[in-house]
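Observations on the three-dimensional arrangement
The primary structure of each chain is shown beneath.
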Amino acid sequence: VQLQASGGGLVQAGGSLRLSCAASGRTFSMYTMAWFRHAPGKEREFVCAIRWSAGATYYANSVKDRFTISRDNAKKTMYLQMSSLKPEDTAVYYCAFQPYYSGTYYLASGYDDWGQGTQVTVSS
């Protein structure tokens, strides 16, 4: 599966951004897509995930109630609506694909395919 992420940019604290991740290639009946982020000097961090067919969503505590993950089945596109952004949200955001459902959706090692990353910078 090929993933193309877009939508990053520079925003002031308290602002909003929407990221997109378009998938192409082989399709599966059940799969999971997720967003991770990587800030300088930090480990790659799970942000949120969605089980594509079921629509179930999962969030890291640090973004819960501020970020919303969603998908458009027809477009095979996943979105991340980010609101009330904080400087600590600054990172490169990556989308990822996992061709099954797993209880360890928060582990980067479980994802087979990754997008190229899109930079999100939140100024204070």
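Quick summary incoming for the structure in this document. If you're wondering where the values come from, they're calculated on a predicted model, not measured in any experiment.

Here we look at the overall build of the chain
Helix and strand counts for the chain come out as 0 helices and 11 strands. Along the chain, helices (α) and strands (β) appear in the sequence β-β-β-β-β-β-β-β-β-β-β when read from the amino end. On C-alpha atoms alone, the chain measures out to a radius of gyration of 13 Å, which is about the 14 Å that the 2.2 N^0.38 rule sets for 124 residues. Taking the principal axes of its C-alpha atoms as reference, the chain extends roughly 40 × 25 × 25 Å. For the chain, buried positions account for 44% of its 124 residues. Relative to all contacts within the chain whose residues are 6 or more apart in sequence, the contacts with residues 24 or more apart total 57%. A total accessible area of about 6200 Å² is found for the chain, and carbon and sulfur atoms account for 47% of it. The average position of the 12 basic charges and that of the 8 acidic charges among the side chains of the chain differ by 5 Å.

Regarding the pattern of salt bridges
The final tally for this structure, using the stated rule, is 3 salt bridges. Of the charged contacts, one joins Glu45 and Arg37 as a salt bridge, the two residues approaching to 2.8 Å between their closest N and O atoms. Residue class for Arg37 comes out buried when judged on its relative accessible area of 5%. With a closest N to O distance of 2.9 Å, Asp89 and Arg37 form a salt bridge. A residue pair is termed long-range when its members are at least 10 positions apart, and Asp89 in the loop between strand 8 (77-82) and strand 9 (91-98) and Arg37 in strand 4 (residues 32-38) qualify at 52 residues. The pair Asp89 / Arg37 is uniform in exposure class, with both members buried.

Things to note about empty space enclosed by the protein
All told, the structure shown has 1 cavity of 30 Å³ or more when counted by the stated rule. Roughly 60 Å³ of volume is contained in the largest cavity.

Rules of the game
- Residues numbered from 1 in each chain as written.
- Predicted model: local features only at pLDDT ≥ 70, side-chain atom pairs only at ≥ 80, totals over all residues.
- Heavy atoms only, no water.
- Helix = DSSP H or I, 4+ residues; strand = E, 2+ residues; numbered from the N terminus.
- Rg over C-alpha atoms; globule rule 2.2 N^0.38 Å.
- Buried < 20%, exposed > 50% of the residue type's maximum accessible area, 1.4 Å probe, protein only.
- Contact = heavy atoms within 4.5 Å.
- Areas by Shrake-Rupley, 256 points an atom, 1.4 Å probe, with all protein chains shown as cover.
- Lys, Arg positive; Asp, Glu negative; His and termini not counted.
- Charge placed at Lys NZ, Arg CZ, Asp CG, Glu CD.
- Salt bridge = Lys/Arg side-chain N within 4 Å of Asp/Glu carboxyl O.
- 1 Å grid on protein atoms, 1.4 Å probe; cavity = no way out; pocket = protein on both sides within 12 Å on 5 of 7 lines; lining within 4 Å.
- Points joined across faces, edges and corners; volume = space filled by probe spheres on them.

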